[in-house]
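Structural features, examined
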Amino acid sequence: MKGPLLTMGLLLLTLPARADAYEEHDYILNCSGCHRMDGTGSKNVPSLLAMAELLGKPGARAYWVQVPGAAQAPLSDARLAALMNWLVERFAGSKPDPAYTAEEVNRLRSAPLRDPVARRSKIREAIVR
Ligand code: HEC
């Protein structure tokens, strides 16, 4: 009798570790304070709905991870990758293809941007590769 119960208990313990169940949670805890629950932003924080205008432009994919709010979030590379996949689909309107991986996120977040606003306007005008 103890075996199956123990196995179930261990299963339940390991379930919350699955990153894909946690994107919205991670967004609420780490991002919504500035970006709000619906992504519309707040004073001095842009609306995430404007991500749609960068979708598919060269440099946008990297920029989205390199903004300080994302790059410096207290999340593992795998959790941030899952969150970014969720975020781009939710606010830019289309799944990133290919999906962000932990390796890619690790590389990008180790080079955070000094001037995100300037980078954004360059991407918008499609001058960034
Ligand atoms: C302390 C406030 C704050 C927090 C917390 C925050 N952000 Fe931001 N975010 C900003 C600001 C301000 C900008 C505009 C660029 C800049 O100045 O950094 C921004 C820009 C962005 C952009 C760029 C959107 C675009 O198309 O220009 C993305 C993507 C983003 N944030 C994602 C996140 C994610 C994901 C989290 C949570 C892990 C997060 N942010 C947490 C303040 C915040």
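Residues numbered from 1 in each chain as written. Predicted model: local features only at pLDDT ≥ 70, side-chain atom pairs only at ≥ 80, totals over all residues. Heavy atoms only, no water.

**As for the packing of aromatic side chains**
Applying the stated criterion across every chain yields a total of 3 aromatic pairs. These aromatic residues form a ring-pair network of at least three members: Tyr27, Trp86 and Phe91. The side chain of Arg61 reaches across the aromatic face of Tyr100, ending 4.5 Å from its centre. (Phe/Tyr/Trp six-rings, centres within 6.5 Å; stacked < 30°, edge-to-face > 60°. Lys NZ or Arg CZ within 6 Å of the ring centre and 35° of its normal.)

**A look at helix α2 (residues 23–30)**
For α2, the full list of buried residues reads Glu23, Asp26 and Tyr27. Relative to the axis of α2, the buried residues are bounded by an arc of 100 degrees and lie together on one face. Buried residues in α2 make contact with α3 (32–35) and α6 (77–92). (Buried < 20%, exposed > 50% of the residue type's maximum accessible area, 1.4 Å probe, protein only. Helix = DSSP H or I, 4+ residues; strand = E, 2+ residues; numbered from the N terminus. Arc of directions from axis to C-beta. Contact = heavy atoms within 4.5 Å.)

**Examining α6**
Compared with an ideal rise of 1.5 Å per residue, which puts 16 residues at 22 Å, α6 spans 21 Å between its outermost C-alpha atoms and is within 8% of the ideal. Within the span of α6, buried status applies to Leu80, Ala81, Ala82, Leu83, Met84, Asn85, Trp86, Leu87, Val88, Phe91 and Ala92. Lining the buried residues of α6 we find α2, α4 (60–66), α5 (68–71) and α7 (102–109). Looking one or two residues beyond α6, the residue adopting positive phi is Gly93, at roughly 95 degrees. (Expected span 1.5 Å × (residues − 1).)

**Examining the coordination of the iron atom of the ligand**
Within the protein, just one atom coordinates the iron atom of the ligand: His35 (NE2), at a distance of 2.1 Å. Note on placement: His35 falls in helix α3. (Donors = N, O, S within 2.8 Å, 3.2 Å for Na, K, Ca; no water.)

**As for the site of the ligand**
Neighbouring residues of the ligand: 20 residues in total, closest Cys31, Cys34, His35, Tyr63 and Arg120. Here His35 contributes a side-chain N or O atom positioned 2.9 Å from a nitrogen atom of the ligand. Arg120 places a side-chain nitrogen or oxygen 2.5 Å from an oxygen atom of the ligand. Its residues placed into classes, the shell around the ligand shows 15 nonpolar, 4 polar and 1 charged. (Near = heavy atom within 4 Å. Polar contact = N/O pair within 3.5 Å; in protein donor to acceptor, adjacent residues only side chain to side chain. Nonpolar A, V, L, I, M, F, W, Y, C, P; charged D, E, K, R; others polar.)

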